[in-house]
Amino acid sequence: MQATKEQIQQEALTRAATGQSFTNWPAIIQGFLAKGIPESEIRPRENVFTYHAWRALGRQVRRGEHGVKVITYVHGEREKNEADPQTGEERKVKRSFSRPWTAVVFHISQTDPIRA
């Protein structure tokens, strides 16, 4: 089943707000400092989000704006058929994994409220 735009946006906002890692904070701060935004105004998880998270918050990233690229990890699960070593019987085994994924984040100053 394909996720709707609203579901994608809400999921992006939830992931952004509940993240536990601080790994990307130096890259975010350096990237926005280079764009001329003062360090005191750069607050990840408060005013720095992905495109879809901003949409969920009722804001639109302005056309032509460039964000800061960060790396995150996507967690997933896949099933694999394996033979039981004792019985030789085929069975499905679930394996979890995580893989690196790039995302782009934008500062609130690069967005405008969505007009109804």
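Right, let's walk through the structure included here. Every residue gets a number counted from 1 within its own chain, in the order that chain's sequence is written. Thresholds applied to this predicted model are a pLDDT of at least 70 for local features of residues and 80 or more for the giving and counting of side-chain atom pairs; totals over whole chains, interfaces and linings are not thresholded and use all residues. The basis for the side-chain values is all heavy atoms of the structure; hydrogens and waters are excluded.

1. Considerations on the side chain of His-107
Within the secondary structure, His-107 is located in strand β4 (residues 90–107). When its relative accessible area of 2% is taken as the criterion, His-107 is described as buried. For the purposes of these results, a polar contact is taken to be a pair of N or O atoms within 3.5 Å, where, inside protein, one atom must be able to donate a hydrogen and its partner to accept one; residues adjacent in sequence count only when each atom of the pair is a side-chain atom. At a separation of 2.7 Å, a polar atom in the side chain of His-107 contacts the main-chain carbonyl oxygen of Glu-41. Of the polar contacts made by the side chain of His-107, one reaches the side chain of Ser-109; its length is 2.8 Å. Apart from residues lying up to four places away in sequence, His-107 is in contact with Phe-32, Ile-37, Glu-41, Ile-42, Asn-47, Val-48 and Trp-54. The way it works is that DSSP assigns letters per residue, a run of H or I at least four long becomes a helix, a run of E at least two long becomes a strand, and they are numbered from the N terminus. Accessibility here uses a 1.4 Å probe with only protein chains present; expressed as a share of the type maximum, an area under 20% marks a residue as buried, one over 50% as exposed, and anything in between as partly exposed. Residue contacts are counted whenever heavy atoms from the two residues lie within 4.5 Å of one another.

2. A few points about the nonpolar core
Formed by Ile-28, Ile-29, Phe-32, Ile-37, Ile-42, Val-48, Val-68, Val-70, Ala-103 and Val-105, the largest nonpolar core amounts to 10 residues. Take this core: its biggest share by element is three residues, from helix α2 (residues 25–34). When neighbours within four sequence positions are excluded, Ile-37 is seen to be in contact with Phe-32, Ile-42, His-107 and Ser-109. Ranked by size, the runner-up nonpolar core spans seven residues in total, among them Leu-13, Phe-49, Trp-54 and Val-61. What makes a nonpolar core is a set of buried Ala, Val, Leu, Ile, Met, Phe, Trp, Tyr and Cys residues whose side-chain atoms join them at distances within 4.5 Å.

3. Quick notes on unusual backbone geometry
For Arg-45, which is not glycine, the phi dihedral falls at a positive 70 degrees. Along the polypeptide, Arg-45 turns up in the loop between α2 and β1 (48–50). Overall, Arg-45 belongs to the partly exposed group, its relative accessible area being 25%.

4. Regarding the pattern of salt bridges
By convention in these notes, a salt bridge is any Lys or Arg side-chain nitrogen within 4 Å of a carboxyl oxygen on Asp or Glu. Considering all chains together, one arrives at six salt bridges under this definition. Between Asp-112 and Arg-62 there is a salt bridge, and its shortest N-O distance comes to 3.1 Å. With Asp-112 in strand β5 (residues 111–113) and Arg-62 in the loop between β2 (59–61) and β3 (68–83), the pair connects residues that are 50 residues apart, well separated along the chain. Residue classification places Asp-112 among the partly exposed residues on the basis of a relative accessible area of 33%. By relative accessible area, which is 30% here, Arg-62 ends up partly exposed. A salt bridge links Arg-95 to Glu-82; the shortest N-O distance between them is 2.6 Å. Separated by 13 residues along the polypeptide, Arg-95 in strand β4 and Glu-82 in strand β3 bring together distant segments of the chain. Each of the salt bridges in this network shares a partner with another, and the network as a whole consists of Arg-62, Glu-65 and Asp-112.

5. A closer look at the environment of Asp-112
A sequence separation of 58 residues divides Asp-112 from Trp-54, and the C-alpha atoms of the two residues are 9.5 Å apart. Within the structure, Asp-112 has its side chain in polar contact with the side chain of Arg-62 (distance 3.1 Å).

6. Re the sheet that holds β4
The sheet built from three strands is open, its strands ordered β1-β4-β3 with antiparallel pairing. Where the open sheet ends on each side, the last strands, each with one partner, are β1 and β3. Adjacent strand axes in the sheet meet at a mean angle of 30 degrees when their direction is disregarded. Across three bridges, β1 lies against β4 in antiparallel orientation. Bridge pairing in β4 links Phe-49 to Phe-106. For two strands to count as paired, DSSP must find a minimum of two bridges between them. Every angle, taken between N-to-C directions, lies between 0 and 180 degrees, and every axis is a line fitted to C-alpha atoms, over only the stretch in contact when it is a helix.

Everything listed here is a matter of coordinates, which is why it stays silent on function.
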